[in-house]
Amino acid sequence: MAENGRDGYNRRRNKYKDRDRQQNKDKAPQKAAQKPVDKPRFDKQKGTLIDRPQWVPPKLGQNQLPRSECPYCGKPLNDLSSALTDPVSLAPVHFDCALRRISDRENLQEGESLTYIGGGRFGIIQFPNPQDTTHFVIKRVIQWEDKEKRAPWRRTVADNFSQT
């Protein structure tokens, strides 16, 4: 019973311990040294090597972004990615100008605030507990941009930045 290794004595491990350590030392440096930079992949089904195509990064910024002015304040739009579309003229407007335009029209009660909720929509939200801003109720949704009418300037911005 002592020969099966249950008593803590393992003959095979003790007998070949030095040889196994030497083999592990020999293998470790060889793996790091043998790693090629551009190793072709082996196709197991066909039994051939496949050269991987080199990735070429897309060239961004070739098209100039349109330069325009905000119809509400008259200042130039420097960041079109944060601009919103005017519902009437479909021209780009500053986010702050759109927010100011809506806040001038709406009468906010105590504890309510005007917030952008995404998708071209603003919302009047109310916090039941003003100290806890994680819980709120959306009282009314104000649609600023129409999803069906996509402004032509948005395509230019999207084409300039979204390349796959």
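Rules behind the numbers
Residues numbered from 1 in each chain as written. Predicted model: local features only at pLDDT ≥ 70, side-chain atom pairs only at ≥ 80, totals over all residues. Heavy atoms only, no water. Pairing = 2+ DSSP bridges. Helix = DSSP H or I, 4+ residues; strand = E, 2+ residues; numbered from the N terminus. Axes fitted to C-alpha atoms, helices over the stretch in contact; angles between N-to-C directions. Core = buried A, V, L, I, M, F, W, Y, C linked by side-chain atoms within 4.5 Å. Buried < 20%, exposed > 50% of the residue type's maximum accessible area, 1.4 Å probe, protein only. Contact = heavy atoms within 4.5 Å. Patch = residues over 30% accessible without salt bridge, like charges linked within 9 Å, V, L, I, M, F, W, Y side chains within 5 Å. Areas by Shrake-Rupley, 256 points an atom, 1.4 Å probe, with all protein chains shown as cover. Salt bridge = Lys/Arg side-chain N within 4 Å of Asp/Glu carboxyl O. Phe/Tyr/Trp six-rings, centres within 6.5 Å; stacked < 30°, edge-to-face > 60°. Lys NZ or Arg CZ within 6 Å of the ring centre and 35° of its normal.

**Overview of the sheet that holds strand S5 (residues 112-118)**
Reasoning step 1: Spatially, three strands are ordered S5-S6-S7 in an open sheet, and the strand pairing comes out antiparallel. Single-partner strands in this sheet number two, and they are S5 and strand S7 (137-143). Within this sheet the neighbouring strands show an average axis-to-axis angle of 30°, counted without direction.
Reasoning step 2: In terms of strand pairing, S5 meets strand S6 (residues 121-126) through six bridges, oriented antiparallel. The residue of S6 that forms the bridge with Tyr116 is Phe122.

**A look at the nonpolar core**
Reasoning step 1: One finds Cys70, Leu84, Val93, Cys97, Ala98, Ile102, Leu114, Phe122, Ile124, Ile142 and Trp144 forming the largest nonpolar core, which totals 11 residues.
Reasoning step 2: Contributing elements (two or more residues each) for this core: helix H3 (95-105) and S6.
Reasoning step 3: The dominant element in this core, judged by the number of residues it contributes, is H3, at three residues.
Reasoning step 4: Setting aside residues no more than four positions away along its own chain, Ile142 makes contact with Ile102, Arg105, Glu106, Leu114, Gly120, Arg121, Phe122 and Ile124.
Reasoning step 5: In terms of nonpolar packing, the next biggest core, distinct from the first, is built from six residues, Leu80, Ala83, Ala151 and Val157 among them.

**As for the environment of Arg150**
Reasoning step 1: For Arg150, the position within the fold is in the loop between S7 and helix H4 (152-161).
Reasoning step 2: Along the backbone, Arg150 and Thr85 are 65 residues apart, and their C-alpha atoms lie at a distance of 8.7 Å.

**Side note on the side chain of Glu145**
Reasoning step 1: Summarising the element assignment, Glu145 is placed in the loop between S7 and H4.
Reasoning step 2: With residues up to four places along the chain from it excluded, the contact list for Glu145 reads Leu84, Thr85, Gly120 and Arg154.

**Topic: a nonpolar patch on the surface**
Reasoning step 1: The grouping of Phe136, Ile138 and Val141 at the surface amounts to a nonpolar patch, some 260 Å² of accessible area in total.
Reasoning step 2: Counting through the fold element by element, Val141 comes out in strand S7.
Reasoning step 3: The class for Val141 is partly exposed, based on a relative accessible area of 43%.

**Regarding the packing of aromatic side chains**
Reasoning step 1: Inspection of every chain in the model, using the stated rule, returns five aromatic pairs.
Reasoning step 2: Taking the centre distance of 5.2 Å and the plane angle of 70° together, the rings of Tyr116 and Phe122 count as edge-to-face.
Reasoning step 3: Overall, Tyr116 belongs to the partly exposed group, its relative accessible area being 32%.
Reasoning step 4: Phe122 sits in the buried class, given a relative accessible area of 0%.
Reasoning step 5: Residues Phe127 and Phe136 carry aromatic rings whose centres are separated by 6.2 Å and whose planes lie at 70° to one another, so their mutual orientation is edge-to-face.
Reasoning step 6: Each member of the aromatic cluster is reached from another via a ring pair, and the members are Phe95, Tyr116, Phe122 and Trp144.
Reasoning step 7: Over the aromatic face of Tyr72 sits the side chain of Arg101, whose NZ or CZ is 3.8 Å from the ring centroid.

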